[in-house]
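What the coordinates show
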Amino acid sequence: MKYQLFQLGPITVYSYGFMIALGFILCVVLAERRSKAMGLDSDKIVSLAFWCIGGGLLGAKVLYYVTEIKSIIENPKILLDVTNGFVVYGGILGGILGGFLFVRRNRLNFLKHFDLAMPSVSLAQGFGRIGCFLAGCCYGRETDGSWGVVFHDSPFAPDGVALIPTQLISSAGDFLICLILCLYARRKHPDGAVGGLWLLLYSIGRFVIEFFRGDPRGSVGMLSTSQFIAIFILAAGAACIALVYRRADGKE
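This brings us to the overall build of the protein. Secondary structure assignment for the protein yields eight helices and six strands. Shown N-terminal to C-terminal, the secondary structure of the protein runs as helices and strands in the order β-β-α-α-α-α-α-β-β-α-α-β-β-α. Relative to the 2.2 N^0.38 estimate, which gives 18 Å for 252 residues, the radius of gyration of the protein is 19 Å and therefore close to what a compact globule would have. Taken over the C-alpha atoms alone, the protein extends approximately 60 × 45 × 40 Å along its principal axes. Across the 252 residues in the protein, those meeting the buried criterion constitute 42%.

Let's shift gears to the environment of Ser42. Relative to the helices and strands, Ser42 resides in the loop between helix H1 (15-37) and helix H2 (45-67). Using a relative accessible area of 19% as the deciding quantity, one classes Ser42 as buried. With 165 residues separating them in the primary sequence, Ser42 and Phe207 have C-alpha atoms 34 Å apart. In this structure, Ser42 is in contact with Glu32, Ser35 and Lys36, ignoring residues within four places of it in sequence.

Attention now moves to the pairing of strand E1 (residues 4-8). As judged from the four bridges shared by E1 and strand E2 (residues 11-14), these two strands associate in the antiparallel manner. Each bridged residue has a counterpart across the sheet, and for Phe6 the counterpart in E2 is Val13. Hairpin remark: E1 followed by E2, antiparallel, with two residues in the connecting loop; positive phi at Gly9, about 65°.

This brings us to the state of the cysteines. Counted by the stated rule, this structure contains zero disulfides. With no disulfide of its own, Cys138 has Cys132 as its nearest cysteine by sulfur position, at a separation of 3.9 Å. Cys138 sits in the buried class, given a relative accessible area of 17%. Lacking any disulfide linkage, Cys178 is separated from the closest cysteine sulfur, that of Cys182, by 4.3 Å.

Nonpolar side chains collect at one region of the surface, where Phe6, Leu8, Ile11 and Phe18 lie side by side and expose about 380 Å² of accessible area between them. Along the chain, the position of Ile11 falls in strand E2.

Within the largest apolar cluster, 23 residues are counted, with the highest numbers of intra-cluster contacts made by Tyr89, Met118, Leu181, Trp198 and Tyr202. Counting only elements with at least two residues in this core, the list comes to helix H4 (88-105), helix H5 (110-135), helix H6 (166-185), helix H7 (193-209) and helix H8 (225-248). Top contributing element to this core by residue count: H7, with seven residues. Apart from the residues lying within four places of it in its own chain, the contact partners of Tyr202 are Val88, Tyr89, Ile92, Gln125, Arg129, Asp174 and Ile177.

Attention now moves to the packing of H4 against H5. Put simply, H4 and H5 touch, their axes get as near as 11 Å, and they point 145° apart. Both H4 and H5 take part in a crossing whose hand is right-handed. Contact residues: Val88, Ile92, Ile96, Phe100 and Val103 in H4; Phe110, His113, Phe114, Gln125 and Arg129 in H5. Class assignment for the residues of the contact of H4 with H5 results in seven nonpolar, two polar and one charged.

Here the idea is plain: a probe the size of a water molecule rolls over the atoms and shows the empty space left. Roughly 290 Å³ of internal volume is contained in the second largest pocket. Lining the second largest pocket are 14 residues, and of these Arg34, Met38, Ala185, Arg187 and Val194 sit closest to its centre. Of all the secondary structure elements, the ones that give two or more residues to the lining of the second largest pocket are H1, H5 and H6. Tallied by class, residues from the lining of the second largest pocket come to six nonpolar, one polar and seven charged.

This part is about the pattern of salt bridges. Two side chains that carry opposite charge are able to pair once their charged atoms sit near each other. All chains considered together, the criterion is met by four salt bridges. In this structure, Arg213 and Glu210 form a salt bridge, with 3.4 Å as the shortest nitrogen-oxygen distance. The pair Arg213 / Glu210 is uniform in exposure class, with both members buried. One salt bridge connects Arg213 with Asp215, and the closest N-O pair in it is separated by 2.8 Å. Take Arg213 and Asp215: they sit in the same class, and that class is buried.

In this section: H7. Given a rise of 1.5 Å per residue, 17 residues ought to cover 24 Å, and the 24 Å separating the end C-alpha atoms of H7 matches this to within 8%. Counting buried positions over the 17 residues of H7 gives 12, a clear majority of the element. For H7, the set of buried residues is Ala193, Val194, Gly195, Gly196, Leu197, Trp198, Leu199, Leu200, Tyr202, Ser203, Arg206 and Ile209. Those residues of H7 that are buried are in contact with H4, H5, H6 and H8.

Parameters at a glance
Residues numbered from 1 in each chain as written. Predicted model: local features only at pLDDT ≥ 70, side-chain atom pairs only at ≥ 80, totals over all residues. Heavy atoms only, no water. Helix = DSSP H or I, 4+ residues; strand = E, 2+ residues; numbered from the N terminus. Rg over C-alpha atoms; globule rule 2.2 N^0.38 Å. Buried < 20%, exposed > 50% of the residue type's maximum accessible area, 1.4 Å probe, protein only. Contact = heavy atoms within 4.5 Å. Pairing = 2+ DSSP bridges. Disulfide = S-S within 2.5 Å. Patch = residues over 30% accessible without salt bridge, like charges linked within 9 Å, V, L, I, M, F, W, Y side chains within 5 Å. Areas by Shrake-Rupley, 256 points an atom, 1.4 Å probe, with all protein chains shown as cover. Salt bridge = Lys/Arg side-chain N within 4 Å of Asp/Glu carboxyl O. Core = buried A, V, L, I, M, F, W, Y, C linked by side-chain atoms within 4.5 Å. Axes fitted to C-alpha atoms, helices over the stretch in contact; angles between N-to-C directions. Left-handed = near helix turned anticlockwise from the far one by under 90°. Nonpolar A, V, L, I, M, F, W, Y, C, P; charged D, E, K, R; others polar. 1 Å grid on protein atoms, 1.4 Å probe; cavity = no way out; pocket = protein on both sides within 12 Å on 5 of 7 lines; lining within 4 Å. Points joined across faces, edges and corners; volume = space filled by probe spheres on them. Expected span 1.5 Å × (residues − 1).

As structure tokens, then:
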């Protein structure tokens with residue numbers, strides 16, 4: 001659609017990177033606003049965000065290497081390409097780990113900050129998926145439906161073929177999850193409940209959207225790699241919610 005967004009002299013601004021940056025900024029803004037309502041130190045939010053981003057980038061890259069291990073064995077030069085090849089689930093897990101290390105280092109409440117972060121994560125993901133759409137990656141299967149989109153100059157998607165706009169569907173889902181979590185968080189819940197709900201909602205949405213994806217991805221039996229991971233994320237979300245409510249009731 002628009003792989004290169006615009007140019008400023010010798011500098012080329014790519015649509016995917018621009019949307020990631022925009023999502024990050026709005027993610028921090030939302031977290032800062034919500035932190036005040038939650039009674040958390042808003043001065044630490046930017047530092048927390050950078051720890052999460054750093055952990056997310058590292059996790060996304062590591063999981064990409066894991067899923068592409070066969071290709072890497074055949075062509076080790078893939079390891080030298082640090083600008084391409086990231087897996088969202090790795091980014092999510094790495095980001096959570098980065099946030100966990102930050103709050104432990106600063107002796108903060110992890111579950112409270114987990115609840116703070118996840119609506120912002122969904123917001124950032126929504127903009128990231130718009131970036132995917134503009135670049136043409138993460139595209140959907142071919143379709144004869146009126147909702148199909150046709151790429152003409154994409155380095156990723158097949159050009160001249162009507163495809164399901166899975167990127168925009170994912171983006172809408174991420175924005176919806178962000179709204180649901182923000183509304184859910186307005187009422188009193190045990191620490192960790194909002195984050196657990198995000199694990200549930202995101203894993204369900206990702207499992208479903210994978211049926212409509214048409215880009216090359218790994219597989220585990222009949223499931224895509226992302227669907228396989230989504231099952232464990234769903235279980236983790238259900239366990240998280242069950243445990244925090246049991247603890248709130250004095251049963252754990």
